[in-house]
Amino acid sequence: GEDEETNAELRERTKKALVGTAGGGTTEGVESGLIEAFDGLDLEDVLIDESVSSGFEVVVDGGPSDSDLNDEIDRLQPVAVEGTLVRPTDVTIDVTADVTGGSIDASKVEEDIRDYISGRGLGGDIIRDQIIATIITGDDAIDGIDTLDTSADATSFSDDKSIGSRESPEPGTVTVNVT
């Protein structure tokens, strides 16, 4: 036979065996239930953190009011396990680029950069090469990028910017200058 299973092993095996339905009762069910209950919430907006000492934390980026989210978490959470709502910390990403070319629509390129940053979602790293690609493909008239300055919360970065799982990248000042 097999060795006897500990309570912790049984709990983990049971958690894995339960399907994360939107009806709640499991942490996966809480995640699915929140996404189903509120328009505009997607998988990249919700993080369930079970590493806390008691219960679990539900990190939600955007969506409805804290009160509405807490009510839904209370309805969905497993019995005798407390789920706590946590809002992520915003990381403001500023971008300034000097580009060369003909009749460039700088405002369209700026909007494309904002869309890239805000579309990264909860814990989504900012990839510098993606910013460059967004600029270059933002307008066919762009011949090149002369300078590119990026910062996160006013701290300059010249490589990729790692965003923590409880952080959300948000576009700050985005400026494209045509030279």
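Remember, predicted model here, so these are calculated numbers, not experimental data.

**Q** Could you clarify how one ought to interpret the overall build of the protein chain in this entry?
**A** A tally of helices and strands in the protein chain yields five helices and seven strands. When the helices and strands of the protein chain are read in sequence order from the N terminus, they spell out α-α-β-β-α-β-β-α-α-β-β-β. Against the compact-globule benchmark of 16 Å for 179 residues, the protein chain has a radius of gyration of 21 Å, which places it well outside the compact range. Overall size of the protein chain, expressed as C-alpha extent along the three principal axes, is 70 × 40 × 25 Å. Taking the contacts inside the protein chain whose residues are at least 6 apart along the sequence as the reference set, 68% of them involve residues at least 24 apart. Averaging the locations of the 12 positively and 43 negatively charged side chains of the protein chain gives two centres separated by 5 Å.

**Q** Where do I start with the environment of E28 in this structure?
**A** Among the structural elements, E28 can be located in helix 2 (residues 27-37). Linking E28 and L47, residues 19 residues apart in sequence, is a C-alpha distance of 9.8 Å.

**Q** Looking at this structure, I do not really get the confidence of the model for the protein chain. What am I missing?
**A** Caution applies to low-pLDDT parts of the model: their predicted coordinates are not meant to be read in detail. Counting all residues, the mean pLDDT for the protein chain is 89, and 91% of those residues have values of 70 or more. Here residues 17-21 is a poorly scored stretch, pLDDT under 50, and it has ten contacts once near neighbours within four places are set aside; other chains count.

**Q** Could you clarify how one ought to interpret the nonpolar core in this entry?
**A** Residues I93, V95, I113, I126 and I135 are the most contacted members of the largest nonpolar core, which totals 21 residues. Going through the elements one at a time, strand 4 (89-101), helix 4 (106-118), helix 5 (128-138), strand 5 (142-152) and strand 7 (167-178) are the ones with two or more residues in this core. Those residues within four positions of I113 in sequence are excluded, and the remaining contacts are V95, T134, I135, V174 and V176. Membership of the second largest hydrophobic core comes to 13 residues, among which are L34, V46, F56 and V60.

**Q** Even after reading the chapter, I still don't get the sheet that holds strand 1 (residues 46-49), so can you show me in this structure?
**A** Sheets are built from strands that pair by backbone hydrogen bonding, the pairs being arranged parallel or antiparallel. Taken together, three strands build an open sheet; the order of strands is 1-2-3 and the sheet is mixed. A single partner strand is all that each edge strand has here, and the edge strands are strand 1 and strand 3 (83-86). Ignoring which end each strand starts from, the neighbouring axes of this sheet average 25° apart. Sheet analysis places strand 1 next to strand 2 (residues 56-60), joined by four bridges and oriented antiparallel. Following the sheet pairing, D49 is matched in strand 2 by E57.

**Q** I keep staring at the pattern of salt bridges and nothing clicks. Help me out?
**A** Two side chains of opposite charge can pair, provided their charged atoms sit close to one another. This structure, assessed with the given rule, holds six salt bridges. With a shortest N-O distance of 2.4 Å, D49 and R166 are connected by a salt bridge. Here D49 is found in strand 1, whereas its partner R166 is found in the loop between strand 6 (155-157) and strand 7, with 117 residues between them in sequence. Take D49: its relative accessible area is 15%, and that puts it in the buried class. With a relative accessible area of 27%, R166 lands in the partly exposed category.

Calculation criteria
Residues numbered from 1 in each chain as written. Predicted model: local features only at pLDDT ≥ 70, side-chain atom pairs only at ≥ 80, totals over all residues. Heavy atoms only, no water. Helix = DSSP H or I, 4+ residues; strand = E, 2+ residues; numbered from the N terminus. Rg over C-alpha atoms; globule rule 2.2 N^0.38 Å. Contact = heavy atoms within 4.5 Å. Lys, Arg positive; Asp, Glu negative; His and termini not counted. Charge placed at Lys NZ, Arg CZ, Asp CG, Glu CD. pLDDT = per-residue confidence, 0-100. Core = buried A, V, L, I, M, F, W, Y, C linked by side-chain atoms within 4.5 Å. Buried < 20%, exposed > 50% of the residue type's maximum accessible area, 1.4 Å probe, protein only. Pairing = 2+ DSSP bridges. Axes fitted to C-alpha atoms, helices over the stretch in contact; angles between N-to-C directions. Salt bridge = Lys/Arg side-chain N within 4 Å of Asp/Glu carboxyl O.

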